[in-house]
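Analysis of the macromolecular model
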Number of protein chains: 2
Amino acid sequence: MRASKYLTATVKETPADAVVISHKLMLRAGMIRKVASGLYTWLPLGLRVLQKVEKIIREEMNRAGAHEVLMPCVQPAELWKESGRWDEMGPLMLHLKDRHERDFVFGPTHEEVITDLVRNEITSYKQLPINFYQIQTKFRDEFRPRFGVMRTREFIMKDAYSFHIDAQSLQQEYDNMYATYCRIFDRLGLDYRPVLADTGAIGGNASHEFQVLAESGEDYIAFSDSSDYAANIELAEAIMPESEREPAKQELTLVDTPDAKTIAQLVDQFDLPIEKTVKTLVVEADESVEGGLIALIIRGDHELNELKAEKLAKVKSPLTMADENSIRAVVGAGPGSLGPLNLPIPFIVDRTVTKMSDFGAGANIEDKHYFGINWGRDLEYTDVADIRNIVEGDPSPCGSGKILIKKGIEVGHVFQLGDKYSKSMNATVLDQNGKAQTLSMGCYGIGVTRIVAAAIEQNHDENGIVWPEPMTPFHIGIVPLNAHKSPEVMETAEQIYQQLTDAGFDVYLDDRDKKTSPGVKFADMELIGIPHRLVISDKGLEEGIVEYKHRSNAEKENISVTDVVAKLKDTIVL
Amino acid sequence: MRASKYLTATVKETPADAVVISHKLMLRAGMIRKVASGLYTWLPLGLRVLQKVEKIIREEMNRAGAHEVLMPCVQPAELWKESGRWDEMGPLMLHLKDRHERDFVFGPTHEEVITDLVRNEITSYKQLPINFYQIQTKFRDEFRPRFGVMRTREFIMKDAYSFHIDAQSLQQEYDNMYATYCRIFDRLGLDYRPVLADTGAIGGNASHEFQVLAESGEDYIAFSDSSDYAANIELAEAIMPESEREPAKQELTLVDTPDAKTIAQLVDQFDLPIEKTVKTLVVEADESVEGGLIALIIRGDHELNELKAEKLAKVKSPLTMADENSIRAVVGAGPGSLGPLNLPIPFIVDRTVTKMSDFGAGANIEDKHYFGINWGRDLEYTDVADIRNIVEGDPSPCGSGKILIKKGIEVGHVFQLGDKYSKSMNATVLDQNGKAQTLSMGCYGIGVTRIVAAAIEQNHDENGIVWPEPMTPFHIGIVPLNAHKSPEVMETAEQIYQQLTDAGFDVYLDDRDKKTSPGVKFADMELIGIPHRLVISDKGLEEGIVEYKHRSNAEKENISVTDVVAKLKDTIVL
């Protein structure tokens, strides 16, 4: 591509409304432009990257034996009412009415449409297993779209849906897709991890997320430092500490704590180690609990894991924190003075809390805490559960090693759905014995547009993007220096451009006229993130050389004009 | 592709709701399935064809120097209000409200979004001309979607938009796109014609449609039999006949015609040649005409051209036929008894009518006609215009030859928009003198999904589809005969399959088990429309041959097993 005939839409200033680095760099490099909140146009430079990602995904899905289809974006409401998701999805789903006032949705996913297709087309177990996929535009009406194409409303997704006669066949295809996703993200050149995940709103049995590791990630991932265990922190089990509980050493004391409404203030004012405190969080209980409230008790330095908590019996789902008035009405003290001792409502303690001794907690009397609380001596617990987030240093639930925490961006997700959709939509086939069997189903998603942003979050420096080679919009950039003064420079540049293009590389020749200074050209090339740069100058040509630099190396290298094409052919794997 | 691992979704029965042949065959061959009215899922077989069409379009658009982008499907209403199309489009455009109750549309086209992009990104004449295109899903809320993917609500379009400093540059790119479209439809192997067209709702100056010729087409195209003139009948000019008007031979007579309410009845009952009659059609006039009605007079065997009529001064646009009560109130007679003589409202006569003599027409008295009417002697005309459809045998408006009429399916359209959008949206650049200039704009559309249906309308026989080679889902089909009895047959089939696949061909190996009879396999292959078929049998292998047949030839040919791959490589151009 010649820059003079291309929309090089680089911008020097960082746009005001961009927060994360990928959003800033995609705007600055001229990859995307905002049309409205959560709606973007992909400019030629961005689309090149997107299409390379799509190509790799398509090749690997085909190789894995999946069949590409294309379902409509607009889906009839009837199917969503049949599956039960019409009400479940709420305002995240864009509802439409056509000119005849019939209800439709702009599809956020396609489980219903594909299940409807399969129940009509597939009649026998012999046609199974089968896996359909598509690469298609989706819409989710995010309340607060942000971070550019990382969390947009309109985005491109690769979604796949497999159908099976039994759970064993589903597990096989799940493993196949898991391996396929690893190949895809390997080929894209990303640093990622498959991690155990919650199945969330889509429902189902087993699930893994594929997380691109990046500081700006919104997900926290727990790793073992000595096995391949990795799980989303939402899901990672904090196991029961193996250590025995220390025997009680302190007397139980009621202490005035008028200025200690938080754990931090308590620790600060009373020289209490935070590991010797507990937090008491009151939430709404389910209908089995009289009074409607229940307390969750975790160690002072731990965080409540809401997902774990809301799955517990006795706790209402979705998890709802009790308001202060309700708490005061029942307990007689505010949220800053609660604790397990003399608590008039039932409570669930975190596993770690059962091993604590001589600890401090609110006294359920305004502005008072108990210090030196000990289980067995002062009070008993009945319900124990894992209700906290795992933290660094915890033993890994896999039984081997300790936990490390990293941040990640979710770019893929595989699910075993089981019969969630096939049951409600009555999708069956005849088995070997001629008996109708409800289908088992898996689904497998990749956030195609998000991959581009995630790759940049992981691969950039202070000058711009540093593309992994499989995703780069251009492999090679050529800068002819002061070409307006030297026809030979431009001629050589054109020759090399042509030879490299003929060899199958995507080449960017910056032939913009002298009003664009070499400095601007170099800066643009770094910003855009082109891995290989050639500079062709009068002086160099006198010596028969061109200057080569890799985007991620500071050093430059002189290469003979006659060798440069061959050298790049050897270096870059297409 | 092995049939045993593919969704071969052929259907024997013709689906009840399919009218046109392409819709029937696409359903029967398993290319598409209906999700709801005007919404289809493309099955693997159909998507293969669609992707081949997309690839050719993309290659030729890139070769022509256009830049691919991807704009969002969902567009903010503000842009449509700015261009004025928010009200113009009416219920054809799908309106959406997001969760914040803001107005959006599911884009039927993208003039507004691209003009908004260009006015922000392009500031100087030096960045022009530039042409952006995308291949993307559109939505038009057709009142009555029909004919399968020929007239759907959701469809894929290639839309392109070019921007220019002046009309000359626009004309150059228009010519470039015209040539590019010819290359695209040539490469697709379609019998098509570029024809002059009306610019319709999109507005603008010059326009050509690309029409695939087919009996089921909804458009009528007028050709010259001795030049390359071709125009949509909507637009084709019916020129003033060169012949002189015959002198009057008959007396003017008032005749009782109680049973002649139509031209057909009049001709039938009074032995009058239809060329000696006129039709008088009353329509609503614009505000310049007192009384609000005006009559349009055409020869009895001609058809009114509504598009021509509504463009006339004095005629209200859009064209609205007057109702019977209004006509009776003003004229004193019903629609079956109208004529130009003694007509109390103004009228416009078609060019051909001015050359008529001794003709019959309603007398504007109930149940009476005048015969032997002659211009000059009995009455005068003031307004003459071209208001009829051109017909076969008319002289071509190009000045050379006579007109032939054929039916076509519109698959492409190129427009010179001029400043329609750039003016209302204030899209300017600085010219050589640093002065702001309003941009000139062209737009260029291809109905990608419709091409697939149009190709089938043009290429089929009683057994199914006959694909043009560039669009076929599979180049070669292989049927191993009674493979369950002969491992050698299956082995040979697999070897040939592998060699042809390695050579880059898309090959369909029908390895379905013995429950699928050879007859069904042959029928499926014809239905799907695979151009080249190989049959491998025990008997053939004894003689060292396989049987070859082309889809559009009845004859079979025996080819030596050792030669078959080389022969097909020679025959099929990839």
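Now for a description of the structure that goes with this document. (Residues numbered from 1 in each chain as written. Chains lettered and ligands numbered in written order. Predicted model: local features only at pLDDT ≥ 70, side-chain atom pairs only at ≥ 80, totals over all residues. Heavy atoms only, no water.)

Re the overall build of chain A
Stated precisely, the cut-off is as follows: Here a helix means four or more residues in a row that DSSP labels H or I, a strand means two or more in a row labelled E, and each is numbered from the N terminus. Accessibility here uses a 1.4 Å probe with only protein chains present; expressed as a share of the type maximum, an area under 20% marks a residue as buried, one over 50% as exposed, and anything in between as partly exposed. Throughout, a residue-residue contact means that at least one pair of heavy atoms, one from each residue, lies within 4.5 Å. Per-residue and other accessible areas follow the Shrake-Rupley method at a 1.4 Å probe size, with only the shown protein chains counted as cover for residues. Positive charges come from Lys and Arg alone, negative charges from Asp and Glu alone, with His and the N- and C-terminal ends not counted. Note on charges: their place is set at NZ of Lys, CZ of Arg, CG of Asp or CD of Glu.
Within chain A, the secondary structure is distributed over 15 helices and 30 strands. Dimensions of chain A, computed from C-alpha atoms along their principal axes, come out at roughly 90 × 70 × 50 Å. Across the 574 residues that make up chain A, the buried fraction comes to 56%. Of the contacts made within chain A by residues no fewer than 6 positions apart, 68% connect residues no fewer than 24 positions apart. Split by element, the accessible area of chain A, about 23,900 Å² in all, is 48% carbon and sulfur. Of the charged side chains in chain A, 64 are positive and 89 negative; the average position of the first set lies 4 Å away from that of the second.

Some points on the relation of the copies chain A and chain B
Turning one copy of the chain about an axis and sliding it along that axis gives the other copy, so a rotation and a shift relate them. Counted only if it meets this: Superposing copies: least-squares fit, C-alpha atoms only, residues required to have pLDDT of at least 70 in both.
Under the fitted operation, chain A is carried onto chain B by 0.1 Å of movement along the axis and a turn of 180°, and the coordinates agree to an RMSD of 0.1 Å. In symmetry terms, the pair is related by a two-fold rotation axis. The rotation axis passes nearest to the C-alpha of Leu96(A) in chain A, at a distance of 3.0 Å. Take the interface residues of chain A: 100% of them recur as interface residues in chain B, which is what a same-surface contact looks like.

Digging into unusual backbone geometry
Note the cis peptide between Ser317(A) and Pro318(A), where omega equals 0°. Tracing the sequence through the fold places Pro318(A) in the loop between helix 8 (306-310) and helix 9 (324-331). Located in the positive-phi region is Asp367(B), a residue other than glycine, with phi close to 65°. Inspection of the secondary structure puts Asp367(B) in the loop between strand 17 (359-365) and strand 18 (368-373). Here Asn426(B), not a glycine, exhibits a phi torsion of approximately 55°, which is positive.

Thoughts on helix 6 (residues 167-187) of chain A
Residues and elements named next belong to chain A. The condition that has to hold: Helices are assigned an expected span. That span is 1.5 Å times one less than the residue count.
Between the first and last C-alpha of helix 6 there are 30 Å, a value that for 21 residues agrees with the 30 Å anticipated at 1.5 Å per step. Listed in full, the buried residues belonging to helix 6 are Ser 169, Leu 170, Glu 173, Tyr 174, Met 177, Thr 180, Tyr 181, Cys 182, Ile 184 and Phe 185. Positive phi shows up at Gly 189, right after helix 6, with a value of about 80°.

A short note on the interface of chain A and chain B
How we decide: In short, buried area is how much 1.4 Å probe accessible area vanishes from two parts on joining, totalled over both. Whenever a carboxyl oxygen of Asp or Glu lies within 4 Å of a side-chain nitrogen of Lys or Arg, that contact is scored as a salt bridge. Polar contacts, as counted here, are pairs of nitrogen or oxygen atoms within 3.5 Å of one another; within protein the pair requires one atom able to donate a hydrogen and one able to accept it, and residues that are adjacent in sequence qualify only if both atoms are side-chain atoms. Ten residues, namely Ala, Val, Leu, Ile, Met, Phe, Trp, Tyr, Cys and Pro, are considered nonpolar, four, namely Asp, Glu, Lys and Arg, are considered charged, and the remaining ones, Gly among them, are considered polar.
With 52 residues of chain A at the contact, the number on the chain B side is 52 residues. By the criterion of area lost to chain B, the three top residues of chain A are Leu7(A), Leu70(A) and Arg99(A), representing 15% of everything that side buries. At the boundary of chain A and chain B, one finds four salt bridges. Residues Asp98(A) and Arg153(B) are paired through a salt bridge, measuring 2.8 Å at the closest nitrogen-oxygen approach. Where chain A packs against chain B, one counts 18 residue pairs in polar contact (both at pLDDT 80 or more). Here the side of chain A that touches chain B takes five residues from helix 2 (residues 44-63) of chain A, the largest share from any one element. Looking at the side of chain A that touches chain B residue by residue, the class counts come to 33 nonpolar, five polar and 14 charged.

Points about the packing of aromatic side chains
Quick note on the threshold: Only centres within 6.5 Å qualify two rings of Phe, Tyr or Trp (six-membered ring in Trp) as a pair; their planes then separate them into stacked at under 30 degrees, edge-to-face at over 60, and tilted for everything else. Note on criteria: charge over ring means Lys NZ or Arg CZ within 6 Å of the ring centre, with the direction from the centre no more than 35 degrees off the ring normal.
Tallied over the full model, the rule gives 28 aromatic pairs over all chains. Taking the centre distance of 5.0 Å and the plane angle of 85° together, the rings of Trp375(B) and Tyr381(B) count as edge-to-face. When its relative accessible area of 5% is taken as the criterion, Trp375(B) is described as buried. What links up through ring pairs into an aromatic cluster is the set Tyr178(A), Tyr181(A), Phe185(A), Tyr192(A) and Phe210(A). When the ring centre of Phe223(A) is taken as reference, the NZ or CZ atom of Lys406(A) above it lies at 5.7 Å. A cation over a ring is seen here: Arg533(B) above Phe522(B), with NZ or CZ 4.4 Å from the ring centre.

Remarks on the pattern of salt bridges
Enumeration according to the criterion identifies 91 salt bridges over all chains in this entry. Between Glu60(A) and Arg183(A) there is a salt bridge; the shortest N-O distance is 2.8 Å. You can see Glu60(A) sitting in helix 2 and its partner Arg183(A) sitting in helix 6, a full 123 residues away along the chain. A relative accessible area of 31% places Arg183(A) in the partly exposed class. The shortest N-O distance in the salt bridge between Asp191(B) and Arg193(B) comes to 2.8 Å.

Focus on the sheet that holds strand 14 (residues 278-284) of chain A
All names here are of chain A. Threshold: By definition, two strands form a pair when at least two bridges between them are found by DSSP. Only the contacting stretch of a helix is used when fitting its axis, a line to C-alpha atoms as for every element, and angles between N-to-C directions run 0 to 180 degrees.
The four strands lie next to each other as 14-15-16-19, forming an open sheet whose pairing is mixed. Since the sheet does not close on itself, it has two edges, and those belong to strand 14 and strand 19 (383-385), each with one partner. Averaged over all neighbouring strand pairs, the angle between strand axes comes to 30°, with direction disregarded. Sheet topology places strand 14 next to strand 15 (residues 293-299); seven bridges connect them, and they run antiparallel. Paired with Leu 281 across the two strands is Leu 296, which belongs to strand 15.

Regarding the nonpolar core
Across soluble globular proteins, nonpolar side chains show a tendency to be buried alongside one another. The condition is simple: We call a set of buried residues a nonpolar core when its members are Ala, Val, Leu, Ile, Met, Phe, Trp, Tyr or Cys and they connect through side-chain atoms within 4.5 Å of each other.
Among the nonpolar cores identified, the biggest contains 82 residues, and Phe106(A), Ile114(A), Phe163(A), Phe106(B), Ile114(B) and Phe163(B) are the most heavily contacted of them. Leave out the neighbours within four places in its chain, and Ile114(B) touches Met71(B), Phe132(B), Tyr161(B), Phe163(B) and Met441(B).

A word on the pairing of strand 7 (residues 130-139) of chain A
In summary, the side chains of a regular strand alternate between the two faces of the sheet. Residue and element names in this part refer to chain A. Most of strand 7 sits out of view: ten of its ten residues are buried. The sheet contact formed by strand 3 (residues 67-68) and strand 7 spans two bridges and is parallel. Residue pairing for strand 7: Glu 68 is matched across the bridge by Tyr 133. Judged from the ten bridges that link them, strand 7 and strand 8 (residues 154-164) form a sheet pairing that is antiparallel. Paired with Lys 138 across the strands is Phe 155, a residue of strand 8.

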